[in-house]
Amino acid sequence: MGPAIFKKNLLQSFISDLKIFQKVLTMANKEGEISLLTPYKMGKFDLSHRVVLAPLTRIRCLGYVPQPHMILYYSQRTSKGGFLIAEATGVSDISQMSPEMPGIWTKEQVEGWKPIVDAVHAKGGVFFCQLIHVGRVLDTGPNGKAPVSSSNKKLAYQQRSPKKLTTQEIPLVVDDFRVAARNAIEAGFDGVEIHGAHGFLIDQFLKDEINDRTDEYGGSLENRCRFALEVVDAVVKEIGGDKVGIRLSPFADYSESGDSNPETLGLYMAESLNEFKILYCHMVEPRMKSVFEKVDCLDSLVPMRKAFKGTFISAGGYGREDGNKAVAENRTDLVAYGRLFLANPDLPKRFELNAPLNKYDRSTFYTRDPVVGYTDYPFLETTI
């Protein structure tokens, strides 16, 4: 063998070994990859990671109007390319449980949200407003107005029964959601999430434990889902499906709103939502049966994840490891974090470094203090 041929063979061998090394290195990197922190394309939004700020009621408003201290709270939890969902925001004067919770049905409320949204955008975040109508969970509305629901069934602790919405009144509530969505866009939000979970008004129509109607909004599964889908339709027509998500909790039994066949309900909704081409479906894990209660459960969101054609977000008691596993196994696209994000404003960074997490203080979740338990949780650089 001549020197030229020997050099050529040696070079080819080196190149082959280099390719094998690169392949092994790539595989090693993938094995060590934190799936939660990989980029994701959600419609027109380029997300830098998959850790979502879940919508969290914090009752720091005044007269349903967002307050200036909320600017810092949301800004603290914003990262470039991060996705945040604002706390449940009322669509009408009988849609919220307390004046310390925000609304978006008046001009003053819209103006109150604007600097908060601007602060999130200034740091490169994507910000959606969650729209809510609590229905019968409200005891008494302004000026003694009665709460409304799919039924006149009251909760066990309540003294008065809610007003059962008539078929003539239901379109008016649908329109409240439509106008609220338009107002959210005016406030600068990138989109809205319709709250269809946790025993609030939309859930009160979806679930057969409470919905005892005999008209077109009750009885069959299709009828019980009609109101929810009418709200989705109205909001999509107002602002576009690419700016709309919905939150559902088919397996949960919040506020005495359970269902006899939750998997069928969740699957029907997931399939039906495809018609409207909405951006995402945000579902609560079956293990979260009630508020703060995580139980062992064989049920799964996987059938709904497979049925829905848009982005799928899972929520419900996730930590770093099981959230990462859910994304890695393609059981969800994004994971929403509530209590952990509340107590760790830099949660994505802590997940990246596998750093210790601040412990949340449940006693300050729903106080009115604008600092304590709200904006005073330390960042990583102040704790190490």
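Look a little higher up for the structure.
All of these numbers come straight from a predicted model, not from anything done at the bench.

Draft legend 1. Expanded view of the pattern of salt bridges. In the structure shown here, the tally under the stated rule is 21 salt bridges. Across the pair Arg224 and Asp259 runs a salt bridge, and its minimum N-O distance is 3.1 Å. Placement of the pair is Arg224 in helix H6 (residues 221-224) and Asp259 in the loop between strand S10 (244-248) and helix H8 (262-273), with a sequence separation of 35 residues. Judged by its relative accessible area of 15%, Asp259 falls in the buried class. Residue Glu321 pairs with Arg320 through a salt bridge whose shortest N-O separation is 2.7 Å. A relative accessible area of 52% places Glu321 in the exposed class. If you follow the salt bridges from partner to partner, you end up with Lys107, Glu111, Lys114 and Glu186 in one network.

Draft legend 2. Molecular detail of unusual backbone geometry. A positive phi angle is found at Ile59, which is not glycine, with a value near 40°. Phi at Asn354 takes a positive value of approximately 55°, unusual for a residue other than glycine.

Draft legend 3. Representation of the pairing of strand S14 (residues 311-315) within the structure. Summarising burial for S14: five of the five residues are buried, a large majority. The side-chain alternation of S14 yields two buried faces, one formed by Thr311, Ile313 and Ala315 and the other by Phe312 and Ser314. Across five bridges, the pairing between strand S11 (residues 280-284) and S14 is parallel. Counterpart to His282 in the pairing with S14 is Ile313. As defined by bridge partners, S14 adjoins strand S15 (residues 334-337) across three bridges and the pair is classed as parallel. Bridge assignment links Ile313 to a residue of S15, and that residue is Leu334.

Draft legend 4. Structural context of helix H7 (residues 226-239). In this model, H7 (14 residues) spans 20 Å end to end at C-alpha, consistent with the 20 Å of a helix rising 1.5 Å per residue. For H7, the complete set of buried residues consists of Phe227, Ala228, Leu229, Val231, Val232, Ala234, Val235, Val236 and Ile239. Of the residues trailing H7, Gly240 is marked for its positive phi of about 100°.

Draft legend 5. Spatial organisation of empty space enclosed by the protein. This structure, assessed with the given rule, holds one cavity of 30 Å³ or more. Considering the residues around the largest cavity, the lining is formed by Gly196, Asp203, Leu206, Lys207, Leu248, Ser249, Pro250, Leu265, Gly266 and Met269. The biggest single contributor to the lining of the largest cavity is H8, with three residues. Its residues placed into classes, the lining of the largest cavity shows five nonpolar, three polar and two charged.

Draft legend 6. Representation of the packing of H7 against H8. Between H7 and H8, the shortest axis-to-axis distance is 11 Å and the interhelical angle comes to 25°. In terms of orientation, H7 lies roughly parallel with respect to H8. As for the relative orientation of H7 and H8, their crossing is right-handed in sense. Contacts between H7 and H8 involve Ala228, Leu229 and Val232 from the former and Met269, Ser272 and Leu273 from the latter. Among the residues making up the contact of H7 with H8, the classes are represented as five nonpolar, one polar and no charged.

Draft legend 7. Up close: helix H4 (residues 170-186). For H4, with 17 residues, the first-to-last C-alpha span of 25 Å sits near the 24 Å given by 1.5 Å per residue. Taken as a whole, H4 has its buried residues at Ile170, Val173, Val174, Phe177, Ala180, Ala181, Asn183 and Ala184. Just beyond H4, the residue with positive phi is Gly188, at close to 105°.

Criteria and cut-off values
Counting restarts for each chain, with residues numbered from 1 along the sequence as it is written. Residues qualify for local features only when their pLDDT is at least 70, as the model is predicted, and side-chain atom pairs are given and counted only at 80 or more; totals for whole chains, interfaces and linings, by contrast, use all residues. To obtain the side-chain values, all non-hydrogen atoms of the structure were included, while hydrogens and water were left out. Salt bridges, as used here, are contacts in which a Lys or Arg side-chain nitrogen is within 4 Å of a carboxyl oxygen on Asp or Glu. We count a stretch as a helix when DSSP gives it H or I for four or more residues in a row; a strand needs E for two or more, and each element gets its number in order from the N terminus. Per-residue accessibility, obtained with a 1.4 Å probe over protein chains only, is compared with the maximum for each type, and a residue is labelled buried under 20%, exposed over 50%, and partly exposed between these values. Should DSSP find at least two bridges between two strands, the strands are taken to pair. Multiply 1.5 Å by the residue count of a helix minus one, and that product is the helix's expected span. As defined here, a cavity is a set of points on a 1 Å grid over the protein atoms alone where a 1.4 Å probe fits but cannot get out. A pocket is an open set with protein on both sides within 12 Å along at least five of seven lines, and residues line them when an atom is within 4 Å of a point. Grid points are joined across faces, edges and corners, and a volume is the space filled by probe spheres set on the points. Under this grouping Gly is polar, as are all residues other than the nonpolar Ala, Val, Leu, Ile, Met, Phe, Trp, Tyr, Cys and Pro and the charged Asp, Glu, Lys and Arg. The axes are straight lines fitted to the C-alpha atoms, using for helices just the contacting stretch, and the angles between their N-to-C directions are given from 0 to 180°. With respect to orientation, any angle under 35 degrees is reported as roughly parallel, any angle over 145 as roughly antiparallel, any angle of 65 to 115 as roughly perpendicular, and every other angle as oblique. Two helices that cross are described as forming a left-handed crossing if the nearer one is turned anticlockwise from the farther one by less than a right angle, and a right-handed crossing if clockwise. Contacts are assigned to residue pairs that have any heavy atoms within 4.5 Å of one another.

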